[in-house]
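# Commentary on secondary and tertiary structure
Take a look at the letters that make up each chain.
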Protein chains: 2
Amino acid sequence: MLTSSQQQLLRVISQSGPSSRTVLAASMGLSKAAMSGIARDLISLGVLRETETIYGQGRPSILLDLHPEGAFFVGVSLLEDPAPLVLSDFNGNIIARQTMPLSRDPDAIAEMIADTLPKLLAEQERADGKLSGIGVALSGFVDEKQANCVKSTLLGWQDVPLAGIIRQKTGIDTFIENDAKAVAVSEKLFGSARDVQNFSVVSFGNGIGCAHFVGGKLYRGNHGGAGEIAHCTIEPNGSPCRCGKRGCLDTVASLKAIKEMAKAEGLACHSLKDLETEASIGNAAAIRILHRAGSALGLAIAHLIQFNDPGLILITHVEGHFDGLFGTVMRQAAEANVLPRYAGQTPIRTRRVDGDVWARGAASIAAHNFLIGSTPY
Amino acid sequence: MLTSSQQQLLRVISQSGPSSRTVLAASMGLSKAAMSGIARDLISLGVLRETETIYGQGRPSILLDLHPEGAFFVGVSLLEDPAPLVLSDFNGNIIARQTMPLSRDPDAIAEMIADTLPKLLAEQERADGKLSGIGVALSGFVDEKQANCVKSTLLGWQDVPLAGIIRQKTGIDTFIENDAKAVAVSEKLFGSARDVQNFSVVSFGNGIGCAHFVGGKLYRGNHGGAGEIAHCTIEPNGSPCRCGKRGCLDTVASLKAIKEMAKAEGLACHSLKDLETEASIGNAAAIRILHRAGSALGLAIAHLIQFNDPGLILITHVEGHFDGLFGTVMRQAAEANVLPRYAGQTPIRTRRVDGDVWARGAASIAAHNFLIGSTPY
DNA sequence: TTGTCTTTGTTCATTTTCTGAACTTAGCTG
DNA sequence: CAGCTAAGTTCAGAAAATGAACAAAGACAA
């Protein structure tokens, strides 16, 4: 186990990137002497390594960075069938891959993971003995300890202590997390939000997920529900939603909703891109649908900015398409609905992610816990 | 200056209320031995004191609490003319009061504060030598260090380093903060949100302000704009707002907006209460106005819940009135627009505050900084 | 009343962690 | 090449926290 100073150092480096001992000492409020010792220990543990040397006036400084092979994590996505398991290094690189059949039985899941784990590790010898955690991403609400699934409609669960079950079967520290929150964590640790303290990730797909980072930490909300923007009312008295309300963002702007609206209009579009193509050649229905969806998403994002003033909005998508009408309208609506003096202040970035998002997100949850540990006061 | 452990202890007590040494040691992750010493020091400094004795099995435990006279703070509100200055003890009790003419000139303000300070302190000898900070509440945006006013339309300021100027003139540590955020801090430190980690305070008045606490800390947002719900679009294509957009919450639900709507309808109502009375005797226009305002505020609060999942929404108001139609509709709209499975999970509390809110809020900013100090990593 | 039990809080020697100051290292500068 | 600058190390000493033993204060049962 690492000391709290060691953990803190890892955390700082993971947030601010490779830095010299002197810089790190200053940003942690420690003396150079203390830093020297802590760094020495972590290097000899194989968790840190010296990378670039920066030449300037005086003695050159040597940057310290996380050693990609300092720790390995397993990520499991329970959002797909078969469920992917990936082995990730400390940089978020996926270095091995397996799948297992998806089950709704927690014990069966734990069993399957325990069975698949050796196969996964066998692919990469260098991970031997350095597996530092398992993360599981699922659709649903997870408690603060990232141990129990409070509720998952998709899996039909209520108060399932999945993390504990897996930990018991595998002997490895395990944490579970909501899908959107897992993606946010992976963007913070491994992705394009490393150096941003406050940001929100919107994961755009058949559903719309969202998660917030506040002060460099994942903000889960009081019931683990922070970021559930899919069911905010965006069209008062709009179409009914499966949640029981009307006019939820989900009914207008999710990929599923867009496809359904297209189908209802008799359009033979099987993807957002198809619909964009239709719109670009002047199909009124396609334009109407994209406009409506874009406005809705843009308005929700504007609310997000107005309410939380994040430093970045990151929209991740697997099969989205933000270069056309949809994206343009979304951005315009977002700009038009924030305080004019704020407009343009908050970057809205879209990012296409590969099919490994969920599994990588899951792995990042394990990494996040390795870095944060049992959070101090 | 206090050590970081001492500060931490004060913070924990201020959050969780009076506790025994053993409990405190556990919740701070320290040994009883360490706690014993830290507590002894703080008691002899006059910052902590032993209060109740709890009898159970074994040796009785003695609760430690902040000593109300352990530190004193001055709060200045630049929201009123004349501007009130209050002297507050460590419990948020206002023990002295002065006023000074409001000015737009930072130097003049600092001068006035420096002049008024002795008079304020003269009222209460026990505060002698224990004045630990000055807080200033103002309408506008404040930077992260709570030192510079980035922008205040009301005061006509842009990048004014007010805190530094006052600090220089008075020799006392000074921090400035946005009005709504100051109120939130005072609710956290002194009010009804002491033990809630995540909550939002909506200050309802001629304008609508809001501020969030996340993880027990004030969340300021990336540009200090977190919580600016007044200008979120609540009625798409609604009435124009002075901010340049349309349909902002501020144009429908603020006290000012309600009064203006009443006036426009030819109603002779000078307060929300008058309007409620009108509505209660069946005045259609009054009912319409209250309904519209309540729905708007309720929807905004629903968004707040849906986006951030706070543990509490606290609505503070000086001359509001939430027992009538307005309040009822507001609550209904809030419930109706959150995920049904969440409805009712987030308490929405209204709280009438006295005219000292802003000044007390300002003082609490100083207290907050005394407790948090220069925040560690 | 009295001894036992339970739990809080203190004491103190010891260990861990951090600091300050002096020093070494390594490259720029002229 | 000497002189300068800044990074990183070393080491004695200070500061903070620990663990174990112990004193304190009441509950409880005989």
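Keep in mind that this is a model prediction, so the values were computed, not measured.

Quick look at the relation of the copies chain B and chain A now. Screw-axis analysis of chain B against chain A gives a translation of 0.0 Å along the axis, an RMSD of 0.1 Å, and a rotation angle of 180 degrees. Here the two chains are linked by the operation of a two-fold rotation axis.

Right, let's get into the protein's contact with DNA strand D. The immediate surroundings of DNA strand D are formed by 25 residues, with Ser 36, Gly 58 and Ile 62 of chain A together with Ser 5 and Ser 31 of chain B found nearest. Within 4 Å of the protein, atoms of DNA strand D come from sugar and phosphate in 62% of cases. Taking Ile 62 of chain A, its main chain carries an N or O atom lying 2.6 Å from a phosphate oxygen of DNA strand D. Take Ser 5 of chain B: an N or O atom from its side chain is 2.7 Å from a phosphate oxygen of DNA strand D. Of all elements in the fold, only helix H2 (21-28), helix H3 (32-44) and strand S3 (61-66) of chain A together with helix H3 (32-44) of chain B reach the threshold of two or more residues within the surface near DNA strand D. Looking at which element gives the most residues to the surface near DNA strand D, the answer is H3 of chain A, with four residues. Taken together, the residues of the surface near DNA strand D break down into eight nonpolar, 12 polar and five charged.

Take the protein's contact with DNA strand C next. With respect to spatial proximity, 25 residues lie near DNA strand C, and among them Ser 31 of chain A together with Ser 36, Gly 58, Arg 59 and Ile 62 of chain B are the closest. A breakdown of the atoms of DNA strand C within 4 Å of the protein gives sugar and phosphate a share of 64%. Between DNA strand C and Thr 22 of chain B there is a distance of 3.0 Å, counted from a phosphate oxygen to a side-chain nitrogen or oxygen. In this structure, Arg 59 of chain B approaches DNA strand C through a main-chain N or O atom, which is 2.6 Å from a base oxygen. Residue assignment for the surface near DNA strand C shows that the elements contributing at least two residues are H3 of chain A together with helix H2 (21-28), H3 and strand S3 (61-66) of chain B. At four residues, the largest contribution of residues to the surface near DNA strand C is made by H3 of chain B. When its residues are assigned to classes, the surface near DNA strand C shows eight nonpolar, 12 polar and five charged.

Moving on to the packing of helix H1 (residues 4-16) of chain B against H3 of chain B. Residue and element names in this part refer to chain B. Two elements in contact, H1 and H3, have axes separated by 10 Å at closest approach and are oriented at 85 degrees. One element, H1, and the other, H3, form an angle in the roughly perpendicular class. Taken together, the residues of H3 that come into contact with H1 (itself represented by Ser 5, Gln 6, Leu 9 and Leu 10) are Met 35, Ile 38, Ala 39, Asp 41 and Leu 42. Its residues assigned to classes, the contact of H1 with H3 shows six nonpolar, two polar and one charged.

Moving on, we come to the domain arrangement of chain A. By a widespread convention, an interface's size corresponds to the accessible area lost as its parts come together. Residues and elements named next belong to chain A. Domains assigned within chain A are domain 1 (4-66), domain 2 (72-187 + 357-372) and domain 3 (194-352). The gap between the C-alpha centroids of domain 2 and domain 3 is 27 Å. Taken together, the contacts link 15 residues of domain 2 with 20 residues of domain 3. Both faces combined, the contact of domain 2 with domain 3 buries some 1,400 Å², and carbon together with sulfur accounts for 61% of it.

Here we take up helix H4 (residues 106-122) of chain A. Residues and elements named next belong to chain A. The end-to-end C-alpha separation of H4 is 25 Å, in line with the 24 Å expected for 17 residues at 1.5 Å each. Along its length, H4 reaches its greatest deviation from straightness, about 30 degrees, at Thr 116, and the proline Pro 118 lies no more than four positions downstream. Within H4, burial applies to Pro 106, Ile 109, Ala 110, Ile 113, Thr 116, Leu 117 and Leu 120. Buried residues belonging to H4 abut strand S4 (72-77), strand S5 (83-88), strand S6 (94-100), strand S7 (131-138), strand S10 (157-160) and helix H5 (162-170).

About the criteria used
- Residues numbered from 1 in each chain as written.
- Chains lettered and ligands numbered in written order.
- Predicted model: local features only at pLDDT ≥ 70, side-chain atom pairs only at ≥ 80, totals over all residues.
- Heavy atoms only, no water.
- Least-squares fit on C-alpha atoms with pLDDT ≥ 70 in both.
- Near = heavy atom within 4 Å.
- Polar contact = N/O pair within 3.5 Å; in protein donor to acceptor, adjacent residues only side chain to side chain.
- Helix = DSSP H or I, 4+ residues; strand = E, 2+ residues; numbered from the N terminus.
- Nonpolar A, V, L, I, M, F, W, Y, C, P; charged D, E, K, R; others polar.
- Axes fitted to C-alpha atoms, helices over the stretch in contact; angles between N-to-C directions.
- Parallel < 35°, antiparallel > 145°, perpendicular 65-115°, else oblique.
- Contact = heavy atoms within 4.5 Å.
- Domains from an automatic or database assignment.
- Buried area = accessible area lost by both parts, 1.4 Å probe.
- Expected span 1.5 Å × (residues − 1).
- Bend = angle between axes of the 7 residues up to and from the residue.
- Buried < 20%, exposed > 50% of the residue type's maximum accessible area, 1.4 Å probe, protein only.

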